[in-house]
Each structure stands twice: as structure tokens, then as C-alpha cells.
Amino acid sequence: AEMGVGSDGMTQAVAAGAAAAATTLVLYPLDIVKTRLNTGVDEDGIPYKGVLDVVARQWERKGLHGFYRGIRVRKCDIVFLYENEVLA
């Protein structure tokens, strides 16, 4: 048996899950900004001027939590996606 990092299915599944979670944590706020920018206006109907304006208003109104609103649903998607990949 070779020493070092295991290459069994469980190790790969855990690594894939960790990579997906890390990617989601980094990219999810960008999706929030993109969605708000595509909407074009904030909750009060005031148009956004650009990406930095979206970020500033989001931070001012909701803080860090505002950039991760809805992430629980995304985490469930990731778990089911990788569970189906491993069990398939």
C-alpha cells in the first residue's frame, strides 16, 4: 500500500465537498452583487451606479450577513449534488 494521501472514494468525496464549500463561500457574495446589479435598483427603487455602489449599499444596510443571505439553500444543493455523484 502506498503511503500518503488516500485516493479512495470517501477521501475524494470529502475533498470535493470541501472544495465546493470553499468556492461557495468565496463566490456567493459575487452572485449577490451580480443579482442586485442586474435588478438595477435597491429596495427603495434607487438605481445602482455600479458594482462598488452595490457593495457599499449592501454593506451599509445589511453588513456581512447581506452578502450571504440565502446561502443555506445553496449549501443544500452542494450536499445533494456531491452525494449523488458519490453514490452513482
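You'll find the structure just up there.
As a starting point, this report considers the structure included with it.

Each value, and the rule that gives it
Residues numbered from 1 in each chain as written. Predicted model: local features only at pLDDT ≥ 70, side-chain atom pairs only at ≥ 80, totals over all residues. Heavy atoms only, no water. Helix = DSSP H or I, 4+ residues; strand = E, 2+ residues; numbered from the N terminus. Buried < 20%, exposed > 50% of the residue type's maximum accessible area, 1.4 Å probe, protein only. Contact = heavy atoms within 4.5 Å. Areas by Shrake-Rupley, 256 points an atom, 1.4 Å probe, with all protein chains shown as cover. Expected span 1.5 Å × (residues − 1). Bend = angle between axes of the 7 residues up to and from the residue.

### A look at the overall build of the protein
Okay, so step 1: Along its length, the protein carries three helices and zero strands.
Okay, so step 2: Along its sequence from the N terminus, the protein presents helices and strands in the succession α-α-α.
Okay, so step 3: Relative to its 88 residues, the protein shows a buried fraction of 23%.
Okay, so step 4: Considering only residue pairs separated by 6 or more positions, the protein has 43% of its internal contacts joining residues 24 or more positions apart.
Okay, so step 5: Surface accessibility of the protein: about 6,700 Å² in total, with carbon and sulfur atoms responsible for 63%.

### Brief notes about helix H2 (residues 51-67)
Okay, so step 1: Counted at 1.5 Å a residue, the expected span for H2 with its 17 residues is 24 Å, but the 13 Å between its end C-alpha atoms falls short.
Okay, so step 2: Bending of H2 peaks at approximately 100° at the position of Arg61.
Okay, so step 3: On the buried face of H2, the contacting elements are helix H1 (9-39).

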